[in-house]
Amino acid sequence: MELGVYSFGDVQQENGKLGPTSQAIPNLLEAIKLADEVGLDFFGVGEHHTDYFPASSPATILSAAAAMTKNITLSSAVSVLSTDDPVRIYQQFATANIISGGRVEIVAGRGSSTESFPLFGYDLKNYDELYAEKLDLLMKINALEKNEPLTWEGQFRAPIQEAMIVPQPEHPIKIWLATGGNPESSIRAGALGLPIAYAVIGGQVSRFAPMVDLYRKAAEHYEQTGDHMQVAIASPGYIAEDAQDAKDTFWQAWESTMTTLGKVRGFAAPTRSHYDAESGRDGALFAGSPEEIAERIIELHKRIKHTRHYFQMDVGQLPHDKFLQSIELLGTKVAPRVRKALASGN
Amino acid sequence: MATNSKLIIGIIGAGRLGTAIARQSLKAGHRVNISNSRGPQSLELMLGVLLPGAVAMTVNDVAQKSDIIILAMPLNKYSALDPEWLAGKIVIDAMNYWPPTEGRIPEFMNEQVTSSQYLQQHFDRARIVKTLNHVAYNEIEEHSLPPAHPQRRAIALAGDDDAAKKQAEQFIDTIGFDTIDLGDLQEGSKFQPDTKLFNARLTKAEIEQIVR
């Protein structure tokens, strides 16, 4: 089981207001470096385009992180593939991948936050069609032989004639399909032979178990086998030594971020009782003590056999030092427990 | 119409919302017909794993062969449905005009006309009930509770056809929720995005306090 963190580069609070987006980037790099140092397996940077989530260019951050880290796998979480150019995504991630010595991956999603559509001039009417076409192109580029030129034609992008797409890493980049739980996405990943990452950001985690079943069934149906057919879970989470402290601290962050998102998306802000339910046993929010979080990961693993679980900790202006403490606890207290339990078959 | 309180529920759209309503309907003992834009064959794998017992059909067949039709597709695909298919049918509009998720759609931008009112004009002979639109898809399963439970969540309805609303209320009760009829279709403006009812877990009494 690989454990890790993902972040959208949450900005800090300053005098009761949002602090500068420029500070979020060095903060993020510091967090990634620490995650590597405490032995975590994964760090993902999620593309967003807002004044509270300014990590708009994951590959750039990952390139810097690649040069600062030794072992950790680095990835987008997610790249909004639908509103980007797959050629450019490939080039940027391939470059970062080479800098890192092969540790950079791509997690490609359709985008649940939709601000990139108007920003880059795409029509949400083509929400799924854009993704399908761009994923096709990205996979084709990634499957090219050494020095093999690309010829491709589609609906949403200029055709490509005998073009070289460079640089090419030594091995293809690992590309994951990210989904928020639409059944079609699980089928698509299975059919295309891609590993799948589920974003479980609310409600009960167990509702994703049938989705994982569907993914595996689709993989079997389309004869997609191999070790790379893996399942990852991305969920909000926060760890502190004391369980109650973890829940109270993350509640403030969660309330703040959901209130902000609620204003944008027009839904009611969450209540504490709703939060308490969702940070309990089967909830999507993994806020708690190291023992509790380790147990919950192990419990979930029994049901869905996921191979990677990563947590979004820095939301709603969670203080940076608390973010770092939580990363450290994930690496030093949670990970050893999970590894031990899974090694002994529990 | 099926006998007793068991209905044939026809769901158009097999995404997160459509499959959640389908699952709850099956649990309540209803029959479920379901369609997507790509035809019944494309649903086989999904139904086998997620919805054993549900029947995949064309959109037209779902409309013809069901007691209540539920629109659970992206709103921006509404024009793919032929108004003729829905003529005379009880149609639950569980969709929203929600620019942050689906972008702006010019014909839905008139704030004086709710999205369901616009659909009622478009599907002029359908008996449209706006409901189930203000509940997160996963909560249709996770918040379901038996009748008379003190915390039972309530779901609002609006529509111009009283008999259609009655039928919709009975159905929603069977899948685990109280209902509250807020009036004609125009009143759907009270539980769209950007309202206090949208995505909020509230009992019937709590909704009454907010809207009255």
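Residues numbered from 1 in each chain as written. Chains lettered and ligands numbered in written order. Predicted model: local features only at pLDDT ≥ 70, side-chain atom pairs only at ≥ 80, totals over all residues.

Moving on: the overall build of chain A. Helix and strand content of chain A: 11 helices and 14 strands. Whereas a compact globule of 346 residues would reach a radius of gyration of roughly 20 Å, chain A reaches 19 Å, a difference of no more than 12%. Expressed as lengths along the three principal axes of its C-alpha atoms, the size of chain A is roughly 60 × 50 × 40 Å. Within chain A, buried positions represent 49% of all 346 residues. Sequence separation of 24 or more characterises 75% of the internal contacts of chain A that already satisfy a separation of 6 or more. (Helix = DSSP H or I, 4+ residues; strand = E, 2+ residues; numbered from the N terminus. Rg over C-alpha atoms; globule rule 2.2 N^0.38 Å. Buried ≥ 20, exposed ≤ 12 C-beta atoms within 10 Å, placed from the backbone. Contact = placed C-beta atoms within 7 Å.)

All right, on to the packing of helix α2 (residues 58-68) of chain A against helix α3 (residues 86-100) of chain A then. All names here are of chain A. At their nearest, the axes of α2 and α3 sit 8 Å apart, and the two run at 10 degrees to each other. On the basis of the axis angle, α2 is roughly parallel to α3. Residues Ala59, Leu62, Ser63, Ala66 and Ala67 of α2 lie in contact with α3, whose contacting residues are Gln92, Phe93, Thr95, Ala96, Ile99 and Ser100. (Axes fitted to C-alpha atoms, helices over the stretch in contact; angles between N-to-C directions. Parallel < 35°, antiparallel > 145°, perpendicular 65-115°, else oblique.)

Residues and elements named next belong to chain A. Viewed as axis vectors pointing N to C, helix α10 (residues 290-304) and helix α11 (residues 320-343) meet at an angle of 40 degrees, and their least axial separation amounts to 9 Å. Considering their axes alone, α10 and α11 lie oblique with respect to each other. Regarding α10 and α11, the two cross each other, and that crossing is right-handed. Contact residues: α10 offers Pro290, Ile293, Ala294, Ile297, Ile298 and His301, while α11 offers Leu329, Lys333, Val334, Arg337, Val338, Ala341 and Leu342. Residues belonging to the contact of α10 with α11 are distributed by class as follows: 10 nonpolar, one polar and two charged. (Left-handed = near helix turned anticlockwise from the far one by under 90°. Nonpolar A, V, L, I, M, F, W, Y, C, P; charged D, E, K, R; others polar.)

It is worth spelling out the interface of chain A and chain B at this point. At the interface, 25 residues of chain A touch 25 residues of chain B. For the side of chain A that touches chain B, the leading source of residues is helix α7 (residues 209-221) of chain A, giving six residues. Residues of the side of chain A that touches chain B, tallied by class, amount to 10 nonpolar, nine polar and six charged.

Here we come to the environment of A:Leu138. Residue and element names in this part refer to chain A. Inspection of the secondary structure assignment puts Leu138 in helix α5 (residues 127-142). Classification of Leu138 as buried rests on a count of 23 C-beta atoms within 10 Å. Sequence-wise, Leu138 and Leu81 are 57 residues apart; in three dimensions their C-alpha atoms are separated by 9.0 Å. In this structure, Leu138 is in contact with Leu81, Pro86, Ile89, Tyr90, Ala108 and Ile175, ignoring residues within four places of it in sequence.

Structural measurements only, silent on function.
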